[in-house]
Amino acid sequence: MAWVTHESDTVYANRWIEVREDKVTGPGGDDGIYGVVRMQHPAVFVVALDDDERVCLVTLERYTTGTSIEVPAGGSDGEDPLVAARRELLEETGFAASEWHELGMMNALNGVADAPEHVFLARGLTASAPATAAESQREEGIDQVSWVPFADALAMIADGRIRDGETIGALALAGIRLGRFR
């Protein structure tokens, strides 16, 4: 038996998310209420690699979880995902890329959220807008932009310094594409 939705009620919405409560019958036949968070627009994640095969990571303060080390990312705001990825990389790091490869899609917190995410690999990086990036970094709470060898980024996952699930997933997709897990 699959999930059956009997009724759906939006209990909160803003320009980024919608929260709804669905009256459902679950696969086991039990009735209940299921809370769902739906992102208004897909997110984008950028694994940017420089000529030395170093990954760009940003360190920022997340309201929900505190200090976090992540790949550049953000909302698409209704834009084409590649356009949004280019914008987010530029805003968060001051770098532009000449090569873009879509690595795939992920879903965040798929037990409670409808949150599609596009993941891109960016190469051919050039410093492009440091002043714009500095302002954006202040607005978004980015404390540091760093470049670490890909293997070191994986070690940061293993030792718990990188705990952001989307960053872990994005690095996994990049590692698969780059042949780093063979």
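These lines cover the structure that appears in this document, whether it is placed above or below. Source: prediction; values computed, not measured.

This paragraph deals with the pattern of salt bridges. Two side chains with opposite charge may pair up if their charged atoms get near one another. Throughout the structure, instances matching the rule amount to 13 salt bridges. Glu91 is the salt-bridge partner of Arg87, the closest N and O atoms lying 3.6 Å from each other. With Arg87 and Glu91 both in helix α1 (residues 81-93) and four residues apart, the pair spans about one turn of that helix. By relative accessible area, Glu91 is classed as partly exposed at 22%. Each of the salt bridges in this network shares a partner with another, and the network as a whole consists of Asp77, Glu79, Arg87, Glu88 and Glu91.

This part takes up α1. Taking 1.5 Å of rise per residue, 13 residues should cover 18 Å, and α1 covers 18 Å from first to last C-alpha, within 8% of that figure. Capping the start of α1 is the job of one residue whose side-chain oxygen sits 3.0 Å from the backbone nitrogen of Leu82: Asp80. With its phi angle positive at about 80 degrees, Gly94 sits one or two positions after the end of α1.

Before going further, it helps to examine the environment of Arg20. In this structure, Arg20 sits in strand β2 (residues 17-25). Look at Arg20 and you get partly exposed, because its relative accessible area is 21%. Remark: the alpha-carbon pair of Arg20 and Arg54, spanning 34 residues in sequence, is separated by 41 Å. Aside from chain neighbours lying at most four places away, what touches Arg20 is Ser8, Asp9, Thr10, Val11, Tyr34, Gly35 and Val36. A polar contact is formed between the side chain of Arg20 and the side chain of Ser8, at a distance of 3.4 Å. A polar atom in the side chain of Arg20 sits 2.9 Å from the side chain of Asp22.

The rules behind each value
Residues numbered from 1 in each chain as written. Predicted model: local features only at pLDDT ≥ 70, side-chain atom pairs only at ≥ 80, totals over all residues. Heavy atoms only, no water. Salt bridge = Lys/Arg side-chain N within 4 Å of Asp/Glu carboxyl O. Helix = DSSP H or I, 4+ residues; strand = E, 2+ residues; numbered from the N terminus. Buried < 20%, exposed > 50% of the residue type's maximum accessible area, 1.4 Å probe, protein only. Expected span 1.5 Å × (residues − 1). Polar contact = N/O pair within 3.5 Å; in protein donor to acceptor, adjacent residues only side chain to side chain. Contact = heavy atoms within 4.5 Å.

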